[in-house]
Amino acid sequence: VEGIEEHEVEQKLICIYIHSPCMFQDAQKSSVLNDNVLGAFLQSRQVAGLSRPIVIQFWHDMVLDSSNATCVFWKPGAGTGSAGSWSQDGCKTTHAEGTVTCHCNHLTYFAVLLELQVNVLSPAQLASLTRISTIGCSLSAAATLCTLLLCCFFRQSHAVPTPCPPSSCRQRLRDNTVRIHMHLLAALLLLNCSFLLSTLLAAGSKELCQFTAALLHASLLCALAWMAAEAFHLLLLLVKVYNIYIRHYLLKLCLFAWGLPVLAVVAVFVFKQDTYGCHTISTSEGYGNTTIVLSTRCWLTSRSAHFATLCYAGLILLFNTLVLGRVGMILRRIRQQTGQARKDWVTVLGLTCLLGTTWGLAFFSFGVFLVPQLYLFTILNCLQG
């Protein structure tokens, strides 16, 4: 233990090692690493506010990072008989392979708090979800690639130079529909391929894994942006009554759906590269919290970046859902006139997939919805292509 030095005065450092799952239980029944608690005290006085923090290392054989393991100290309860709590005030955490290092500016009882999910999945469930996502993304990548090749082939074989008059604005919008579909397919192909590569390259070099994680992040943002472009284009086709001409329409959509997401990811990768790295997917079972590592992939390692991505996806999905609701109202009105209900509902289901509204299932990962939501989210979205 470093950081306790007082010249010309002999100090006795008392260390207490406790290995018990029953002691130091807070109201949340939190779990600590290996049920180990280390107490450090000076016999003569209390120590707090050290300018040079003490350094304590905890060894383990798990896969831990800043998202699931934090250095804490025990804070006794205020009243008689009241349970205390774990606090991380004054402590900083650093991670290395097989060790968690705590830097604290005081002496008390220390431990490493494991932030385990309440609704943790079983190893069998996580393994099945991993297999479903791998198979689904492989099929989706193959399907999108074949569709893109067929679209390119037919467009070249049936290309006839027939200029569209400037007054035919709605015809121009219809001509851009297939192009927008192809851009969305390209984004989904990139997303599926980078997702599959993120698992294969997780065991490679750190720099390669970070680049793969950035590619996966950029492809996800681009795919969501092209779903928003699909919704906007659908809004112009069905909702707008008057003809609208937008100069360089497709180019502006490309700048929005390709340019902005890639620019944001490149900026993060250049200025804060540690945002990307190796992300571990694991579960714990048993009272001893035995960690079972199922897979690792290259992905976001920053909570703030993860939260920003969720907000970005939430805004896009909200816009797409509103557009889908508006289209549903239009189809309902048409159904009352023609009586083609079944065809209209098939159209709505197709638009639900096209606009990516099934990605909104990610916001229902809690409580009793967790397991069915994860299976629905995995099956529907990995087969989107």
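Residues numbered from 1 in each chain as written. Predicted model: local features only at pLDDT ≥ 70, side-chain atom pairs only at ≥ 80, totals over all residues. Heavy atoms only, no water.

Observations concerning the state of the cysteines
Next up, step 1: Following the criterion strictly, the structure yields three disulfides and no others.
Next up, step 2: Covalently, Cys 91 is tied to Cys 104 through a disulfide, its sulfur atoms 2.1 Å apart. Taking the torsion about the S-S bond as the criterion, the Cys 91 to Cys 104 disulfide, at about 115 degrees, is right-handed. One end of the pair, Cys 91, is in strand β7 (residues 91-96); the other, Cys 104, is in strand β8 (residues 99-104), with 13 residues separating them in the sequence. In this pair, the class of Cys 91 matches that of Cys 104, namely buried.
Next up, step 3: The connectivity of the disulfide-linked cysteines in the protein, indexed sequentially, is 1-3, 2-4, 5-6.
Next up, step 4: Here Cys 382 stays unpaired: no disulfide links it, and the sulfur of Cys 137, its closest cysteine neighbor, is 5.3 Å away. (Disulfide = S-S within 2.5 Å. Helix = DSSP H or I, 4+ residues; strand = E, 2+ residues; numbered from the N terminus. Buried < 20%, exposed > 50% of the residue type's maximum accessible area, 1.4 Å probe, protein only.)

Looking at the pairing of β8
Next up, step 1: Within β8, five of the six residues are buried, which leaves it mostly tucked inside the rest of the structure.
Next up, step 2: With six bridges joining them, strand β4 (residues 54-59) and β8 adopt antiparallel strand pairing. Bridging across to β8, Val 55 finds its partner in His 103.
Next up, step 3: Direction of pairing for β7 relative to β8: antiparallel, over a ladder of six bridges. Paired with His 95 across the bridge in β8 is Val 100. (Pairing = 2+ DSSP bridges.)

Side note on the sheet that holds β8
Next up, step 1: The three strands lie next to each other as β4-β8-β7, forming an open sheet whose pairing is antiparallel. Single-partner strands in this sheet number two, and they are β4 and β7. On average, adjacent strands in this sheet sit at an angle of 20 degrees to one another, irrespective of strand direction. (Axes fitted to C-alpha atoms, helices over the stretch in contact; angles between N-to-C directions.)

Remarks on the confidence of the model for the protein
Next up, step 1: Of all residues in the protein, 81% attain a pLDDT of 70 or more, and the chain-wide mean is 82.
Next up, step 2: Averaged pLDDT values over the elements of the protein bottom out at 68 in helix α6 (residues 341-354) and peak at 96 in helix α4 (residues 249-271).
Next up, step 3: Contacts for the low-pLDDT stretch residues 286-291, under 50 throughout, to residues beyond four places or in other chains number 13 contacts. (pLDDT = per-residue confidence, 0-100. Contact = heavy atoms within 4.5 Å.)

What to know about the packing of helix α3 (residues 206-238) against α4
Next up, step 1: Axis separation between α3 and α4 bottoms out at 9 Å; the angle between their running directions is 155 degrees. As far as their axial angle goes, α4 and α3 are roughly antiparallel. Judged by the twist between their axes, the crossing of α3 over α4 is right-handed.
Next up, step 2: Of the residues contributing to the contact of α3 with α4, the split by class is 21 nonpolar, three polar and no charged. (Parallel < 35°, antiparallel > 145°, perpendicular 65-115°, else oblique. Left-handed = near helix turned anticlockwise from the far one by under 90°. Nonpolar A, V, L, I, M, F, W, Y, C, P; charged D, E, K, R; others polar.)

Concerning α3
Spacing of three or four residues puts side chains on the same side of an α-helix, whose turn is 3.6 residues.
Next up, step 1: Here α3 is 33 residues long and its end C-alpha atoms lie 48 Å apart, about the 48 Å a rise of 1.5 Å per residue gives.
Next up, step 2: In terms of burial, α3 is a largely internal element, 25 of the 33 residues being buried. (Expected span 1.5 Å × (residues − 1).)

Some details on the UniProt feature "transmembrane region" (unreviewed entry) in the protein
Next up, step 1: In the numbering used here, UniProt assigns the "transmembrane region" (unreviewed entry) feature to residues 180-203, 215-238, 250-271, 305-324 and 345-371.
Next up, step 2: Between the end C-alpha atoms of residues 250-271 the distance is 31 Å, and the span holds 100% helix and 0% strand.
Next up, step 3: From the first C-alpha to the last, residues 305-324 spans 28 Å; its make-up is 100% helix and 0% strand. (UniProt positions renumbered as here; feature names shortened; annotations may be inferred.)

Quick look at the pairing of strand β5 (residues 69-75)
Next up, step 1: Among the seven residues of β5, six are classified as buried, and the element is accordingly described as predominantly covered.
Next up, step 2: Judged from the five bridges that link them, β5 and strand β9 (residues 109-114) form a sheet pairing that is antiparallel. Paired with Thr 70 across the strands is Leu 113, a residue of β9.
Next up, step 3: Bridge analysis of β5 against strand β6 (residues 85-87) gives three bridges, and the strand direction is antiparallel. Bridge pairing in β6 places Phe 73 opposite Ser 87.

Remarks on the packing of aromatic side chains
Next up, step 1: Scanning the entire structure with this criterion turns up nine aromatic pairs.
Next up, step 2: Ring geometry for Phe 232 versus Tyr 249: centroids 6.5 Å apart, planes at 35 degrees, classification tilted. Highlighted residues: Phe 232 in helix α3 and Tyr 249 in helix α4, separated in sequence by 17 residues.
Next up, step 3: Look at Phe 232 and you get partly exposed, because its relative accessible area is 31%. (Phe/Tyr/Trp six-rings, centres within 6.5 Å; stacked < 30°, edge-to-face > 60°.)

What to know about the nonpolar core
Next up, step 1: One finds Leu 191, Trp 226 and Met 227 to be the most contacted residues of the largest nonpolar core, which totals 36 residues.
Next up, step 2: When contributions to this core are tallied by element, the ones reaching two or more residues are α2 (169-200), α3, α4, β11 (290-300) and α5 (303-338).
Next up, step 3: Ranked by residue count, the leading element in this core is α3, at 15 residues.
Next up, step 4: Residue contacts for Trp 226: discarding those within four places in its chain leaves Ile 180, His 183, Leu 184, Ala 187, Leu 253, Cys 254, Ala 257 and Trp 258.
Next up, step 5: The next biggest cluster of nonpolar side chains, apart from the first, holds 20 residues, and it includes Ala 40, Ile 54, Cys 102 and Cys 104. (Core = buried A, V, L, I, M, F, W, Y, C linked by side-chain atoms within 4.5 Å.)

Some points on the side chain of Ser 140
Next up, step 1: Residue position: Ser 140 is located in helix α1 (residues 123-157).
Next up, step 2: The exposure class of Ser 140 is buried, given its relative accessible area of 3%.
Next up, step 3: When near neighbours in sequence (up to four residues on either side) are disregarded, Ser 140 contacts Asn 192, Cys 382, Leu 383, Gln 384 and Gly 385.

Re the environment of His 217
Next up, step 1: Turning to its location among the elements, His 217 is positioned in helix α3.
Next up, step 2: If near-sequence neighbours (up to four positions away) are discounted, His 217 is found in contact with Val 265, Tyr 276, Trp 299, Leu 300 and Thr 309.

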